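# Structural overview
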Amino acid sequence: MIVLQLTCRGLINSQLHGHLKIPRTMQNMARPSSDLAAFRKTFSKAKNIAILTGAGVSAESGVPTFRGAGGYWRKWEAQQLATPEAFSRNPSRVWEFYHYRREVMLTKDPNPAHLAIAECEERLIKQGRNVTVITQNIDELHRRAGSKNILELHGSLFKTRCMSCGHEAANYHSPICGALKGKGAPDPDTEDAQIPVQQLPRCEQKGCHGLLRPAVVWFGETLGSDILSRAEEVLDSCDLCLVVGTSSVVYPAAMFAPQVAARGVPVAEFNMEDTPATMRFKFHFHGPCGTTLPPALERHEAEPK
Ligand SMILES: [Zn+2]
């Protein structure tokens, strides 16, 4: 991957400097097509479509990521709070952070990219065709848009897991517990609420009352083997793969999309930027996915009305 990355950067630089000679290593790598009609023809024949989605799709709904410039909650970025160590040191602070993120989602809505994916699934299922969303996003916007067949690689803001008995449950309460009501303000000078651990969200399984944590995959944790093998199954059987709102050199698309492309299956990337891995794919559509995806996934003339 690193070699490919350097080679492609070299190509881009030489184009910028007006040298048109293509390095020998790149001669057999055509630029991906951005021919929408050609993509639509492939799409109209696909029976099992895998759609990998990432942060870019959520960003277009205004969902904060707490990473990179301006991405702080109080004094911290997500990498500092979304860890098992941070939770065991200060469960009250980490719960304030997740409570804030859950409450923020009440003010956000699915965007045209989410809606186009959900509408496509609903339409194609009636034709005996499958659409599976494999997402790294934890905000449930795909579910709210109407998608049914979703693999959430990183879990969900709206699920909890018990630290004692391991029970996982959906949880849409607002606030998630009385003690967190009005807490979680993101401003850098907000004091920690220092909620006693007994007043944080607790397990409701009979006789348990263990401390709950958000059922999300934290930094330093591995993906569940069950969800990974389900994702692998979908990717091994898909005959079209879309990579939406995530750079193809960044996990998880980096992990999955090239292996699909290597099987000779068409991969179409919908992203704000070109990436070195773009060169491995058949199609690339540049721009906000809320703009590029709806015309790509709408009913094809070959589909029944
Ligand atoms: Zn429990």
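All values reported here derive from a predicted model rather than from experimental measurement. (Residues numbered from 1 in each chain as written. Predicted model: local features only at pLDDT ≥ 70, side-chain atom pairs only at ≥ 80, totals over all residues. Heavy atoms only, no water.)

### Side note on helix α2 (residues 36–45)
- Taken together, the buried positions of α2 are occupied by F39, R40, T42, F43 and S44.
- The inward-facing, buried residues of α2 abut β1 (48–53), α7 (112–125), β7 (240–244), β8 (267–271), β9 (283–286) and α11 (289–297).
- Where α2 starts, the residue carrying a side-chain oxygen 3.0 Å from the main-chain nitrogen of A37 turns out to be D35. (Buried < 20%, exposed > 50% of the residue type's maximum accessible area, 1.4 Å probe, protein only. Helix = DSSP H or I, 4+ residues; strand = E, 2+ residues; numbered from the N terminus. Contact = heavy atoms within 4.5 Å. Polar contact = N/O pair within 3.5 Å; in protein donor to acceptor, adjacent residues only side chain to side chain.)

### Some words on the sheet that holds strand β3 (residues 150–152)
- A sheet is described by the order of its strands in space; here 6 strands give the open sequence β3-β2-β1-β7-β8-β9, paired in parallel fashion. Looking at the sheet topology across the chains shown, the edges are occupied by β3 and β9. With direction set aside, neighbouring strand axes in the sheet form an average angle of 15°.
- Where strand β2 (residues 130–135) lies against β3, 3 bridges are found, and the strand directions are parallel. (Pairing = 2+ DSSP bridges. Axes fitted to C-alpha atoms, helices over the stretch in contact; angles between N-to-C directions.)

### Side note on the packing of aromatic side chains
- The final tally for this structure, using the stated rule, is 14 aromatic pairs.
- For the pair Y98 and W218, a centre-to-centre distance of 6.2 Å together with 50° between the ring planes defines the contact as tilted. Pair noted here: Y98 is in helix α6 (residues 91–105) and W218 is in the loop between β6 (212–216) and α9 (225–237), with a separation of 120 residues, a long-range link.
- With a relative accessible area of 3%, W218 lands in the buried category.
- Here F283 and F285 contribute two aromatic rings whose centre-to-centre distance is 6.2 Å and whose plane-to-plane angle is 10°, an arrangement assigned as stacked.
- Under the relative-accessibility criterion, F283 is labelled buried at 2%.
- Relative accessible area serves as the criterion here: at 7%, F285 is assigned to the buried category.
- Through pairs of rings, three or more aromatic residues link up here, namely F66, W73, W76, F87, F97, Y98, Y100 and W218. (Phe/Tyr/Trp six-rings, centres within 6.5 Å; stacked < 30°, edge-to-face > 60°.)

### As for the nonpolar core
- The biggest cluster of nonpolar side chains holds 29 residues, and the ones touching the most others in it are W95, F97, Y98 and W218.
- Those elements that place two or more of their residues in this core are α4 (78–81), α5 (84–89), α6, β4 (155–162) and β6.
- At 5 residues, α6 tops the list of elements feeding residues into this core.
- Leave out the neighbours within four places in its chain, and W95 touches F87, T160, I176, L180, L200, P201, L212, R213 and P214.
- In this structure, I49, V57, A113 and V244 belong to the second largest nonpolar core, which totals 24 residues. (Core = buried A, V, L, I, M, F, W, Y, C linked by side-chain atoms within 4.5 Å.)

### Remarks on α11
- Every buried residue belonging to α11 is among C289, G290, T292, L293, A296 and L297, and all of these are buried. Taken down its axis, α11 places every buried residue within 165° of arc, on the same side. (Arc of directions from axis to C-beta.)

### Details of the confidence of the model for the protein
- Mean pLDDT over the protein stands at 88; residues scoring 70 or higher make up 88%.
- Below a pLDDT of 50 lies the segment residues 1–28, which in the model reaches 19 contacts outside its immediate sequence neighbourhood of four places, other chains included. (pLDDT = per-residue confidence, 0-100.)

### Considering the coordination of the zinc ion
- Those protein atoms acting as donors to the zinc ion are C162 (SG), C165 (SG), C203 (SG) and C208 (SG), and they sit at 2.2 to 2.4 Å.
- Seen from the zinc ion, its 4 donor atoms lie at angles of 102 to 116°, and the figure they make is tetrahedral.
- Positions of the donor residues of the zinc ion, expressed as sequence spacing, correspond to C-x2-C-x37-C-x4-C. One end of the pair, C162, is in strand β4; the other, C208, is in the loop between β5 (168–170) and β6, and 46 residues separate them in sequence.
- Assessed through its relative accessible area of 4%, C162 is described here as buried. (Donors = N, O, S within 2.8 Å, 3.2 Å for Na, K, Ca; no water. Tetrahedral: all angles 85-135°; square planar, octahedral: opposite > 155°, others 65-115°.)

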